[in-house]
Amino acid sequence: MIPSLMLMIFALTANDTQAAPSLKVSESGRHLVHEDGSPFFYLGDTAWELFHRLDRDEAGLYLSNRAATGFTVIQAVVLAELDGLNVPNPYGHTPLKDNDLTQPDEDYFKHVDDIVNQAGELGMFIGMLPTWGDKWNRKWGVGPEIFTPDNAAEYGDFLAKRYRDKPIIWILGGDRNPETDEHLEIIRSMANAIHDVHGGGQLMTFHPQGGGNSAQWFHEDDWLDFNMFQSGHSARDLPNYRTTFANYQRTPVKPTLDGEPRYEDHPVNWRPENGWLDAFDVRQAAWWSMLAGACGHTYGDHNIWQMWQPGRTPISSARTPWREALEHPGSSHMGHLRRFFESHPWQMLVPDQSVLIGETLDGADHLRAARAKDGSFLLAYTPTGRAVTVRLDALDGAAVKASWFDPRTGETQDIGRYPAEGEEEFEAPSNGRGRDWLLVIEDAAGE
């Protein structure tokens, strides 16, 4: 064989077998990390209809925007919600022949491959849902129910072998809860088949319906690497921190996050007459959950998950074309959230309401706090700009420095230096709904 040809074949083989970046659970069991142990901040975006409704160029536009904004995970569904079995993708392909899970359509999956590869090239993981839940527990939606425990395993094996070397986080479920023994068997059959292929090299979780929590059914299952719950869209000021903290306290210890909180530009409780959830609702849910012990957070825009545009039937009163919705402020505010945490040793944080003096309040005003285990810094979030009184002696060292971080702009305002003793009240720069602030208290040693 000609030497240059041998080299070319070797290069192609090496490229085909090169493993994608992989993630694992940290030694503490609280967070997600890269293979080398460096922190991974899960910042997800719900793009449920990405594979189903966007062509290659549209997907490229969407993914490039999300990468630039700071997202690290794109949550998308292979067998999509909006009649994903029967309505073809932009190229005229449906995922299965005759809705038979043992007969995947290669042309459809080539398009999925392309989007997965685009995301990987931009440094993002695909949070891949093998199916929306109506295909195994219809309840509402289109369906039909096509899964059994046997074909769920076969389908899971097919997907896992196809994407075992790709930047994938597996998310089973799809907005449905298991209600029967067969439902549980379907999920576990699919999960175990996927796990048997990747052997722990990819992470896996479960996405329940609104108000649901993966820990309710699967917390002790070996395949479930981290918990995911859905706080949902039914009301403003939903106290999602309660579920985050409840999961944080479970044993065995596993990371947790809110995988579908209040969507930006979603009608409150699905009724436009109730008003619309906005960027503040997005920020409030994110900061509450993070300071209650989450390993990351998922953002959603009501128009983007369904990739709505004129000419398509809007689901639940969607009103903004998805390209315009990419510029809604809440997504950029999530970028500020990620950058703030990554600028601090955030994996050292533990939820700690004891650093707050006085009532932590309920509803929109609820104050949430966390401190670093080594006593180097603490954080306190005030959703409506109410004054915050904290115990400065909760930190080590002789002196501390205080500042306000603006979740809307990502900017920091210095407050001053204080002895690390007693308590101190801090007045936020502004107050009222939508005027949320994060108080940052840090050890001032060396300054």
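Residues numbered from 1 in each chain as written. Predicted model: local features only at pLDDT ≥ 70, side-chain atom pairs only at ≥ 80, totals over all residues. Heavy atoms only, no water.

A closer look at the overall build of the chain
Put simply, the rule reads: Helix and strand definitions here come from DSSP, where helices need a minimum of 4 consecutive H or I residues and strands a minimum of 2 consecutive E residues; each element is numbered from the N-terminal end. With the radius of gyration taken over C-alpha atoms, the globule rule is written as 2.2 Å times the number of residues to the power 0.38. Each residue is placed in one exposure class: buried if its accessible area under a 1.4 Å probe, protein chains only, is under 20% of its type's maximum, exposed if it is over 50%, and partly exposed if it falls in between. Any two residues whose heavy atoms approach within 4.5 Å are treated as being in contact. Accessible surface area values rest on a Shrake-Rupley calculation with a 1.4 Å probe, where residue burial reflects the displayed protein chains alone. Charge counting treats Lys and Arg as positive and Asp and Glu as negative, with His and both chain ends excluded. Lysine's charge is taken at NZ, arginine's at CZ, aspartate's at CG and glutamate's at CD.
Within the chain, the secondary structure is distributed over twelve helices and 19 strands. Over its C-alpha atoms the chain spans a radius of gyration of 23 Å, differing by no more than 12% from the 22 Å that the globule rule assigns to 447 residues. C-alpha atoms of the chain, sized along the principal axes, occupy 70 × 65 × 40 Å. Within the chain, the fraction of its 447 residues that count as buried is 58%. The contacts in the chain between residues at least 6 apart in sequence include a share of 70% that link residues at least 24 apart. Summing over all exposed atoms, the chain offers an accessible surface of approximately 17400 Å²; the carbon and sulfur share of this is 47%. Between the mean site of the 38 positive side-chain charges and the mean site of the 66 negative ones, the chain shows a separation of 2 Å.

A few points about a negative patch on the surface
Which entries qualify depends on this criterion: Nonpolar side chains (Val, Leu, Ile, Met, Phe, Trp, Tyr) within 5 Å and like charges within 9 Å form the patches, drawn only from residues with over 30% relative accessible area and no salt bridge. The rule for a salt bridge is simple: a side-chain nitrogen of Lys or Arg has to be within 4 Å of a carboxyl oxygen of Asp or Glu.
A surface patch of like charges, here negative, comprises Glu145, Asp150, Glu154, Asp181, Glu182 and Glu185. Only α5 (149-163) and α6 (181-198) provide two or more residues apiece to the negative patch. Take the negative patch: its biggest share by element is three residues, from α6. With a relative accessible area of 43%, Glu182 lands in the partly exposed category.

Regarding the nonpolar core
How we decide: Throughout this description, the term nonpolar core refers to a set of buried Ala, Val, Leu, Ile, Met, Phe, Trp, Tyr and Cys residues connected via side-chain atoms within 4.5 Å.
Among the nonpolar cores identified, the biggest contains 80 residues, and Leu50, Phe51, Tyr62, Met128, Phe147 and Phe341 are the most heavily contacted of them. Here Phe51 is in contact with Ala76, Val77, Val78, Asn89, Tyr108, His111, Val112, Ile115, Val116, Ile126 and Met128, once residues within four sequence places are set aside. Among the nonpolar cores identified, the runner-up in size contains 21 residues, and Val355, Leu356, Leu392 and Tyr418 belong to it.

What about the pairing of strand β17 (residues 412-419)?
The line we're drawing: Following DSSP output, two strands are said to pair if at least two bridges run between them.
Relative to β17, strand β16 (residues 399-405) runs antiparallel, the two being bridged by seven bridges. By the bridge assignment, Phe405 is partnered in β17 with Thr412. Once β16 ends, the chain turns through six residues before running back antiparallel as β17, passing Gly410 with a positive phi of about 80 degrees.

Overview of the sheet that holds strand β7 (residues 168-173)
Stated formally: Note on method: axes are straight lines fitted to C-alpha atoms, helices fitted across the in-contact stretch only, with angles between N-to-C directions ranging 0 to 180 degrees.
Strand order across the open sheet formed by six strands is β8-β7-β6-β5-β4-β11, with parallel pairing between neighbours. Strand pairing shows two members of the sheet lacking a second neighbour, β8 (204-207) and β11 (296-299), which therefore form its edges. Between one strand axis and the next, the sheet turns through 30 degrees on average, direction left out of account. As judged from the four bridges shared by strand β4 (residues 42-46) and β11, these two strands associate in the parallel manner. Bridging from a neighbouring strand, Tyr42 pairs with Gly296 of β11. Here α5 sits on the sheet in contact with β5 (73-79), β6 (125-131) and β7, set at roughly 165 degrees to β7. Set on the sheet, helix α12 (residues 329-342) makes contact with β4 and β11; between it and β11 the angle comes to about 170 degrees.

Section: the confidence of the model for the chain
Low pLDDT means the predicted coordinates in that region are not meant to be read closely. Applied cut-off: Values of pLDDT, which run from 0 to 100, indicate the predictor's confidence residue by residue.
Per-residue confidence for the chain gives a mean pLDDT of 95; residues scoring 70 or more make up 95%. pLDDT under 50 marks residues 1-17. Its contacts with residues more than four places away, or in other chains, come to three contacts.

Section: helix α8 (residues 240-248)
We apply this condition: This arc is built from the directions going out from the helix axis to the C-beta atoms.
Here α8 has its buried residues at Asn240, Tyr241, Thr244, Asn247 and Tyr248. End-on view of α8: buried residues confined to an arc of 130 degrees, all on one side of the axis.

Notes on the side chain of Thr382
To keep things clear, this is the line we draw: Two N or O atoms form a polar contact when they lie within 3.5 Å of each other; inside protein one atom must be a possible hydrogen donor and the other a possible acceptor, and for residues adjacent in sequence the pair counts only when both atoms belong to side chains.
By the secondary structure assignment, Thr382 is in strand β14 (residues 377-382). According to the relative accessible area criterion, Thr382 is buried, its value standing at 0%. Here the side chain of Thr382 touches Arg386 through a polar contact of 2.9 Å, landing on its backbone nitrogen. Once you skip the residues sitting within four places of it in the chain, Thr382 turns out to touch Leu367, Val388, Trp404, Arg435, Asp436 and Trp437.

Thoughts on the pattern of salt bridges
Two side chains that carry opposite charge are able to pair once their charged atoms sit near each other. A complete count under the given rule lists 23 salt bridges for this structure. Notably, a salt bridge pairs Asp45 with Arg66, separated by 3.0 Å at the nearest N-O pair. Pair noted here: Asp45 is in strand β4 and Arg66 is in helix α3 (residues 56-69), with a separation of 21 residues, a long-range link. The burial state of Asp45 is the same as that of Arg66; both residues are buried. Here Arg371 ties to Asp352 by a salt bridge, and the two come within 2.5 Å at their closest N and O atoms. With Arg371 in strand β13 (residues 368-372) and Asp352 in the loop between β12 (349-351) and β13, this residue pair connects regions lying 19 residues apart in the sequence. Judged by its relative accessible area of 12%, Asp352 falls in the buried class. What emerges from the salt-bridge pattern is a single network uniting Arg236, Asp237, Arg262, Asp281 and Arg433.

Some details on the environment of Ala420
Here Ala420 lies in the loop between β17 and β18 (423-426). Sequence-wise, Ala420 and Asp396 are 24 residues apart; in three dimensions their C-alpha atoms are separated by 7.4 Å. Filtering out sequence-adjacent residues up to four positions away, Ala420 remains in contact with Leu392, Asp393, Leu395, Gly397, Ala398, Ala399 and Val400.

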